[in-house]
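Listed below are the residues making up each chain.
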2 protein chains.
Amino acid sequence: MVPKDVGEEVGGLKTLTATGTSVLVEGRLEATPEGTKQAVELKATKILHVGPCDAATYPIAKKKTSYEFLREKMHLRPRANTIGAVARIRNALAFATHRFFQENGFLYVHTPIITASDCEGAGEMFQVTTLLGKMKEYADVPTVSLEQLEALKAELAAQGEAVKAAKAVRPASKAEVDKLLKLKEEFAKAEESSRIVGGIKRLPDGTPDYKDDFFSKPAYLTVSGQLQGEFYACALSNIYTFGPTFRAEYSFTARHLAEFWMIEPEMAFCDLKDDMQCAEDYVRYCCKYLLDNCQTDLEFINKMVDNTAIARLQQVAHTPFKRVSYTEAIDLLKDVVARGVKKFEYNVEWGIDLQTEHERYLTEEIFKQPVIVYNYPKEIKAFYMRLNEDGKTVAAMDVLVPKVGELIGGSQREDRLDVLEKRIEEGGMDIAAYEGYLDLRRYGTVPHSGFGLGFERLILFATGLDNIREVIPFPRWPGNAAY
Amino acid sequence: MVPKDVGEEVGGLKTLTATGTSVLVEGRLEATPEGTKQAVELKATKILHVGPCDAATYPIAKKKTSYEFLREKMHLRPRANTIGAVARIRNALAFATHRFFQENGFLYVHTPIITASDCEGAGEMFQVTTLLGKMKEYADVPTVSLEQLEALKAELAAQGEAVKAAKAVRPASKAEVDKLLKLKEEFAKAEESSRIVGGIKRLPDGTPDYKDDFFSKPAYLTVSGQLQGEFYACALSNIYTFGPTFRAEYSFTARHLAEFWMIEPEMAFCDLKDDMQCAEDYVRYCCKYLLDNCQTDLEFINKMVDNTAIARLQQVAHTPFKRVSYTEAIDLLKDVVARGVKKFEYNVEWGIDLQTEHERYLTEEIFKQPVIVYNYPKEIKAFYMRLNEDGKTVAAMDVLVPKVGELIGGSQREDRLDVLEKRIEEGGMDIAAYEGYLDLRRYGTVPHSGFGLGFERLILFATGLDNIREVIPFPRWPGNAAY
């Protein structure tokens, strides 16, 4: 409540009320009589600051704006109530993440963002380069054709021969030698120029000469910190990463971002069972933390976005996760299909990679709670996952949760040198690229496990929002990198 | 202590003792008699795991290895004692950072890593692109010369005329029209091919056609989250960022990295004085946290690396920072020079940008403790810093600490629309590029301030290590991005 005289000092009450106005007010906070809409009221005694806002031009002054429209006004977007609530929930989940791992003795490790290791299929990676920036620098370099280069080379050779011939009968003259040196220099310069095609220095096969790039070889944005996390876990025991990761996929879905944050713990002396327990403990800790620390925002979300959000968090916080092997999960799904209860777009049979429709059906319909599926067929999982005794499956696990499907993917890592080498060979991969990884098995190998969680998926799970672009402050997808 | 029979079960005691061997042991932890070197001893009753290590080939088996050598064995580097201690100190400082800001009501905001805004001088930025990856895709596209293109164009035009002429007297035949359509298609294809030079699609001026790139325009790695932090602070009050930032500088010094982590708080309704107080509180909190939580590692560092490390942390934890204006600082330095006490490489006079030698002299010699220098000449500081009443200085501040020099740089931001617009114009910058930034001042402007701290500098300060490459898990500098 602003008394009239207090408002008049800053130009009248009207200057204070337009949407978007910022004010700093001094006053007394008082309880309002019971039954009133608000619990407290601020009785203003002084206005310390007014940042006016012209409602006629303010882009988000309207009461209802769509998420799409807000994404076009990225710099004002956090002023929208839902985005603000999401920002606070995101903050709470980030701090809960650090708290959980710190309380359990994990070290936070900053794995690199720029990486020259290309273990993960470079097709989906963004390249980090200074080559395109050098185009300007090379713009003034004269173009040299192959013919010109050949001509210069011939001239250089001829002069070389001439000097040699002269030397056979007398000391070569200064003019002869100077001409040779000048030609040499000219040729070197021309040779260098001829290698610049389209503003980029090239190798003979036309590909860029990466010696000219910042890191002297191709460099990319990381898709995972697992490799580097294993280096640290095998030296210092339990560690976790929490940092940005990247995918250069041309994907426009509501579930994909080109830049997102990932959490990847990696634990020494840890098998798949411990790994599953850690994943469960972590997710349940996050749910509890949110319920304890973000009540107002969760109530807002529950009212405006998804009226099952709080119930979902409560259930996950209080119920141990179910666990089923991949084989059991397939049997359950096949049974549902056989009984005509459910039709899936993708066929269900042992050996398939579970699709989101299968994952969501398992967690939302069959178990009606989070479920961990473990021991997947080795053919559909990565080479570094530990081969089980059956020779058919690997010690991998996925945590599936209602609303999202797969929230976490993890595995025990193959710690046996010979088995790992064989799997790399079977996969047709270049074993030389994995020397560092193999060294971990050569020098004091340790059973170890880890998992990865896409942080934005956790926020989707907590808020019930449908589009992943709404749960990150500055979403990036093909064609979009505003600010 | 491993009894002989326990050791024999795993092949003898010798298998357990080589450097680099990993073991998992079950046993009883017992206090040793007073006066013994160790405080406790583990009496092994069972060996659960042995990961052997061949000392003959283990690259870091030697007792003393140089930091340089360790950097060549990046995947084994964290096994070195100093690097391990640094990793734990880094972890503690990271968590202290989150704790400090969370306890004070700041929101952790993930500002973007990939950014299309180029406000910060693109010369030092890494470019993020998929254009070079497309070279392969374009490798099979036939080269089309301008002559060929012109010829096709002429043929197309002629056929167009022919059809037009035919139409004037009779309906055009299918053959005539088909030929026209085919030529059109051929021309379009050839035109597209002709724009690919050196594997990259071009605009007429030869520069890359960024419509072809992932984000449809040039994108870069962030050099600071301040801009986006301001968007959030002006919506949700106090926020902080803690994420990776990048500089594509060809710098090989012990103080520079191409990839490093930065902490940037941004506070609404906050002036320079509050900003300085926050910076001081934060640094002192970190020192206290380290002293309380990393005693063993600090003692190791104090013994092996820098025997002033603990004393420095204690002093900073317990002493309020000094504050001097830039003008006072210059007077102090000039006086020292005038009295012949000290010679600087760089001349000291009002208007200069303080060099590291000046900064370190102020904090290490004159004040012998951390000092905050504020109100710098506007000419040497950024356009967005708030202009003071004197019209000559801006509300900027730097925190200087012993061992490192500048640890923090911050300022109150210019919140007055007209003043900010004038400063952008004076700086010869393109005002259109700052529309979002100006909108913050148009719609509910708020006095606000912030600062930035290079996280690795904080670790250098805490450990006394000389080279910044030792305090980040995977250092990146020109030519170096191993793993």
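This one's a predicted model, so the numbers in the text were calculated from it and none came from an experiment. (Residues numbered from 1 in each chain as written. Chains lettered and ligands numbered in written order. Predicted model: local features only at pLDDT ≥ 70, side-chain atom pairs only at ≥ 80, totals over all residues. Heavy atoms only, no water.)

### Looking at the pattern of salt bridges
All names here are of chain A. Spelled out, the test is: In the sections that follow, a salt bridge refers to a side-chain nitrogen of Lys or Arg positioned within 4 Å of a carboxyl oxygen of Asp or Glu. In this description a helix means any DSSP run of H or I spanning at least four residues, a strand means any run of E spanning at least two, and both kinds are numbered starting from the N terminus.
Scanning all chains against the criterion turns up 61 salt bridges over all chains. Arg99 is paired through a salt bridge with Glu103; the nearest N and O atoms lie 3.1 Å apart. Here Arg99 pairs with Glu103, and both are found in helix 4 (residues 81–103), just four residues apart, close to one helical turn. Each of Glu68, Arg71, Arg77 and Glu470 takes part in salt bridges that share partners, so that together they form one network.

### Here's the deal with helix 11 (residues 309–318) of chain A
All names here are of chain A. Here is the rule we go by: Each residue gets one of three labels from its accessible area relative to the maximum for its type: buried under 20%, exposed over 50%, partly exposed in between, using a 1.4 Å probe on protein chains only. Taking the helix axis as origin, the arc is that swept by the directions to the C-beta atoms. Note on contacts: a residue pair qualifies if any of its non-hydrogen atoms lie within 4.5 Å across the two residues.
Of all the positions in helix 11, only Ala309, Ile310, Arg312, Leu313, Val316 and Ala317 are classed as buried. Seen along its axis, helix 11 keeps its buried residues to an arc of 160 degrees; they face one direction. Lining the buried residues of helix 11 we find helix 9 (272–293), helix 10 (295–304) and helix 16 (455–463).

### Things to note about the relation of the copies chain B and chain A
Using the following cut-off: The superposition of copies rests on a least-squares fit of C-alpha positions from residues with pLDDT of 70 or more in both.
Screw-axis analysis of chain B against chain A gives a translation of 0.0 Å along the axis, an RMSD of 0.1 Å, and a rotation angle of 180 degrees. Within this description, the copies of the chain are treated as partners about a two-fold rotation axis. Comparing interface residues between copies, 100% of those in chain B also lie at the interface in chain A; the contact surface is shared.

### Points about the packing of aromatic side chains
Stated precisely, the cut-off is as follows: Put simply, two rings from Phe, Tyr or Trp (the six-membered ring, in Trp's case) pair if the centres are within 6.5 Å, and we call them stacked under 30 degrees between planes, edge-to-face over 60, tilted for the rest.
This model, assessed by the stated rule, comprises 49 aromatic pairs over all chains. With 4.9 Å between their ring centres and 50 degrees between their planes, Phe214 of chain A and Tyr250 of chain B make a pair best called tilted. You can see Phe214 of chain A sitting in the loop between strand 7 (200–201) and strand 8 (219–221) and its partner Tyr250 of chain B sitting in the loop between strand 9 (239–246) and strand 10 (259–268), one on each of two chains. Tyr250 of chain B sits in the partly exposed class, given a relative accessible area of 46%. Aromatic side chains Phe344 of chain A and Tyr361 of chain A sit 5.4 Å apart centroid to centroid with 90 degrees between the ring planes, which places their arrangement in the edge-to-face category. Residue Phe344 of chain A is found in the loop between helix 12 (326–338) and helix 13 (356–366), and its partner Tyr361 of chain A is found in helix 13; the two are separated by 17 residues along the sequence.

### Some words on a nonpolar patch on the surface
Worth spelling out the cut-off: Each patch groups residues whose relative accessible area exceeds 30% and which form no salt bridge, using 9 Å between like charges and 5 Å between nonpolar side chains of Val, Leu, Ile, Met, Phe, Trp and Tyr. Areas reported as accessible are Shrake-Rupley estimates using a 1.4 Å probe. Residue values count occlusion only from the protein chains shown.
A cluster of nonpolar side chains, namely Leu29, Val40 and Leu42 of chain A, defines an oily patch on the protein surface of about 270 Å² accessible area. Checked against the element boundaries, Leu42 of chain A lands in strand 2 (residues 40–51).

### Focus: the environment of Tyr232 of chain A
Residue and element names in this part refer to chain A. Counting through the fold element by element, Tyr232 comes out in helix 8 (residues 226–236). The exposure class assigned to Tyr232 is buried, which follows from its relative accessible area of 2%. Note: C-alpha distance between Tyr232 and Lys46 (186 residues apart in sequence) is 56 Å.

### A short note on the sheet that holds strand 5 (residues 127–129) of chain A
Basically, it comes down to this: Two strands make a pair as long as DSSP finds a minimum of two bridges between them.
In space, the six strands of this open sheet follow the order 4(A)-8(A)-5(A)-5(B)-8(B)-4(B), with antiparallel pairing throughout. With one partner strand each, in any of the chains shown, strand 4 (114–115) of chain A together with strand 4 (114–115) of chain B form the two edges of the open sheet. With two bridges connecting them, strand 4 of chain A and strand 8 of chain A associate as antiparallel partners. Considered in strand 8 of chain A, the bridge of Thr115 of chain A is made with Tyr220 of chain A.

### Overview of the sheet that holds strand 9 of chain B
Residue and element names in this part refer to chain B. Across the sheet, eight strands lie side by side as 3-9-10-15-14-13-12-11; this open sheet has mixed pairing. Bordering the open sheet on either side are strand 3 (107–108) and strand 11 (322–325), each of which pairs with just one other strand. The sheet contact formed by strand 13 (residues 393–401) and strand 14 (residues 405–412) spans six bridges and is antiparallel. The residue bridging Val399 from the neighbouring strand is Ile408, located in strand 14.

### Comments concerning the domain arrangement of chain A
Rules: Segmentation into domains, and thus their bounds, comes from an automatic or database assignment.
Its domain assignment divides chain A into domain 1 (4–58), domain 2 (79–128 + 219–471) and domain 3 (132–212). Each of domain 1 of chain A and domain 2 of chain A has a C-alpha centre, and the two are 46 Å apart.

### Here's the deal with the interface of chain B and chain A
Threshold: Two parts placed together each lose some accessible area under a 1.4 Å probe, and adding up what both lose gives the buried area. N or O atoms within 3.5 Å of each other form a polar contact, as long as, within protein, one can give a hydrogen and the other can take it, and as long as residues adjacent in sequence are counted only when both atoms are side-chain atoms.
Counting from both sides, the interface comprises 99 residues of chain B and, opposite them, 100 residues of chain A. With both sides pooled, the region where chain B packs onto chain A buries about 8100 Å², and carbon together with sulfur makes up 69% of that total. Taken as a group, His110, Phe214 and Tyr443 of chain B account for 10% of the area that chain B buries against chain A, more than any other trio of residues on that side. On inspection of chain B and its partner chain A, the count reaches zero salt bridges. Run the count over chain B and chain A and you get 41 residue pairs in polar contact (both at pLDDT 80 or more). A total of 11 residues in the side of chain B that touches chain A trace back to one element, the largest contributor, which is helix 4 (residues 81–103) of chain B. For strand 5 of chain A and strand 5 (residues 127–129) of chain B, the ladder comprises three bridges, and the chain directions are antiparallel. The partner of Gln127 of chain A across the bridge, within strand 5 of chain B, is Thr129 of chain B.

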